[in-house]
Protein chains: 2
Amino acid sequence: MMAGMNIQDTKIFAEGAAYVNGAFVPVAEASVPLTDLGFIRSDATYDVVHVWNGNFFRLNDHVDRFLGSCDRLRFSLPLAKDELIRMLHGMVARTGFDKAYVNFTATRGRLAKGSRNPLDCENRVYGFTIPFSWIAPFDEQEAGIDMIVANPERTAPETLDPTIKNFQWGDLTRGMIEASDTGAKVAVHLNRHGNVTEGAGFNTFVFKDGTLWTPDAGVLMGITRRTVLEIAERQGLDVRVTTVPEKILRDADEIFISSTAGGVIPIRSLDGTPVGNKSNSRVALDIRETYWTLHDDPAYATPVRYDLADV
Amino acid sequence: MMAGMNIQDTKIFAEGAAYVNGAFVPVAEASVPLTDLGFIRSDATYDVVHVWNGNFFRLNDHVDRFLGSCDRLRFSLPLAKDELIRMLHGMVARTGFDKAYVNFTATRGRLAKGSRNPLDCENRVYGFTIPFSWIAPFDEQEAGIDMIVANPERTAPETLDPTIKNFQWGDLTRGMIEASDTGAKVAVHLNRHGNVTEGAGFNTFVFKDGTLWTPDAGVLMGITRRTVLEIAERQGLDVRVTTVPEKILRDADEIFISSTAGGVIPIRSLDGTPVGNKSNSRVALDIRETYWTLHDDPAYATPVRYDLADV
């Protein structure tokens, strides 16, 4: 469809590019069959990597997590790892974006005629890239954003493996609406035991009495979360990756979240109460500074192959 | 798109018809935007009604349940109730099917530009109809089908309201794959307390020592479930709609499931062990017989408006 495209064609990708079943199309034209089980049963996994100043951040880590999730869902993808990576470059190259949000998704596909067995399906790969999207704009982040504790319990690992990144956002969407109804920006969910988990697209960190806490289970193993843990270790912080009771959250000196969509973001209030007293997000802002510095580190940054715009 | 269609055009709808954003299209061409939150966050609700011998079964009950779910998700639909019903007639009319599976779906839609608030979206309506689909073929039903108890816990009501019919089938899909791996047909899920809930598209009934049990909570309020309860009451059965412990299931005289996709289906084995001993699905088969008889009852049957094929 896009054969013979040249650099002028980036105009049609001005809002974003997508990959659907082997073809690159403008994001507004990209679609999924109504009967793909990825839609009608949310039988899918996805990942999101971002591009910052022309570089993918931790591209290989995102791709490996995605391929691991596909394996555990018993998906067999039509693209090998190198082809998948080339597709991601090709999408971003078509847009010319130097800062971008890049989603890649695998779905179960459509049921074979007369079959009810999900294992009989031809699995599919989709992707789309749009301008970089923030949980909170960069210039609002230093001051911190407002968080609530959501009413819905986070989906239990006994129901769905949270380390397979998934679209089953019913609890998270309810949390977002609750946050919006109270004027807050984000909502964090507890599990059935009253311990801290995660929220819509982010992991949670709590700093209390010199120790940095984050949940060890029942959450996505976020790539930004991993980056935060690496930075904290390098800084010599006392880190506990373990159960995080609600009380630690309520009594925190600092709370912050980590997300591909925005990096490391301090929380200034929880359910309307200011977080901490005088620490002023010192730990969060230190980690955040290093996080953005790492975007120029060749160990984490993969230059986008903008030459792949027309292949 | 389909203006001026006539009866010859049913050929293009031979595999099924769909409704997408105001237009009727062949089911194979129907799609959802890749960035509809109904896909990338499973932010959607749906319902399934069936057509049997040219009649919808309990059409009004399905539509009312669907509209109630939309309200609770704070969806504002582009179709009023009478337009929605007309759309369902129009889809089936285009196919000419006299037995059909009819799905109708509402999604959150796409995020407004620059917004992260789900309440800012334009909600959408989709639908599709395909030939009637069975959990188990009609002629296999009398002998009963094989069931396993799935490993994943059913999604907790504390996480997601199960009475809002949803596509978050991760636990159910895992159950279906576990069933398939062991040669069984269906998988029933327990909740965190070890009590019986439901499976992929069905409610569960257990008959034990003269009493018919079905869960009162943590499950979809199925329309076929309601029909079974009405029939059982009419038959003077002792019915308990309450917590159903796993032990009752394991010790059952009979187990059966109810589903729009197949009606009332006896279970002959649970985890490889025959169910009951000499009752031979007597209760299930009695209820099943009445269930199919009701399909000719004007109180339940709505004739498809096949004249609406071209409007």
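Up top you'll find the structure we're talking about.
To keep things clear, this report deals only with the structure shown in the data block.

## Regarding the pairing of strand 7 (residues 124-131) of chain A
Residue and element names in this part refer to chain A. Burial runs high along strand 7: 6 of the 8 residues are buried. The pairing of strand 1 (residues 17-20) with strand 7 spans 4 bridges and is classified as antiparallel. Across the sheet, Tyr19 pairs through a bridge with Gly127, a residue of strand 7. Here strand 6 (residues 100-107) pairs with strand 7 via 8 bridges, running antiparallel. Bridge pairing in strand 7 links Ala100 to Pro131.

## Considerations on the sheet that holds strand 4 (residues 44-52) of chain B
Residue and element names in this part refer to chain B. Read from one edge of the open sheet, 7 strands run 2-1-7-6-4-5-17, paired in antiparallel fashion. Looking at the sheet topology across the chains shown, the edges are occupied by strand 2 (23-26) and strand 17 (301-303). In this sheet, neighbouring strand axes are inclined to one another by 25° on average, regardless of whether the strands run parallel or antiparallel. Sheet contacts for helix 2 (residues 59-72): strand 4, strand 5 (55-57), strand 6 (100-107) and strand 17; angle to strand 4, the most-contacted strand, approximately 175°.

## Some words on empty space enclosed by the protein
Under the defined criterion, the tally for this structure stands at 3 cavities of 30 Å³ or more. Of the volumes computed, that of the largest cavity is approximately 70 Å³. Around the largest cavity, the lining residues are Ile135, Leu172, Gly175, Met176, Lys185, Val186, Ala187, His189, Ala200 and Phe202 of chain A together with Arg116 of chain B. At the level of elements, helix 5 (170-182) and strand 9 (186-190) of chain A are the ones that each hand at least two residues to the lining of the largest cavity. Of the residues contributing to the lining of the largest cavity, the split by class is 7 nonpolar, 2 polar and 2 charged.

## Description of helix 2 (residues 59-72) of chain A
All names here are of chain A. Helix length check: helix 2, at 14 residues, gives a terminal C-alpha distance of 20 Å against a target of 20 Å (1.5 Å per residue), a fit within 8%. Within the sequence span of helix 2, burial applies to Leu59, His62, Val63, Arg65, Phe66, Ser69 and Cys70. Looking down the long axis of helix 2, one finds its buried residues gathered within 160° of arc, a one-sided arrangement. In this structure, the buried side of helix 2 is in contact with strand 4 (44-52), strand 5 (55-57), helix 3 (81-95), strand 6, helix 6 (223-234) and strand 17 (301-303). Remark: Arg74 follows helix 2 within two positions and exhibits a positive phi of approximately 60°.

Conventions we followed
- Residues numbered from 1 in each chain as written.
- Chains lettered and ligands numbered in written order.
- Predicted model: local features only at pLDDT ≥ 70, side-chain atom pairs only at ≥ 80, totals over all residues.
- Heavy atoms only, no water.
- Buried < 20%, exposed > 50% of the residue type's maximum accessible area, 1.4 Å probe, protein only.
- Helix = DSSP H or I, 4+ residues; strand = E, 2+ residues; numbered from the N terminus.
- Pairing = 2+ DSSP bridges.
- Axes fitted to C-alpha atoms, helices over the stretch in contact; angles between N-to-C directions.
- Contact = heavy atoms within 4.5 Å.
- 1 Å grid on protein atoms, 1.4 Å probe; cavity = no way out; pocket = protein on both sides within 12 Å on 5 of 7 lines; lining within 4 Å.
- Points joined across faces, edges and corners; volume = space filled by probe spheres on them.
- Nonpolar A, V, L, I, M, F, W, Y, C, P; charged D, E, K, R; others polar.
- Expected span 1.5 Å × (residues − 1).
- Arc of directions from axis to C-beta.

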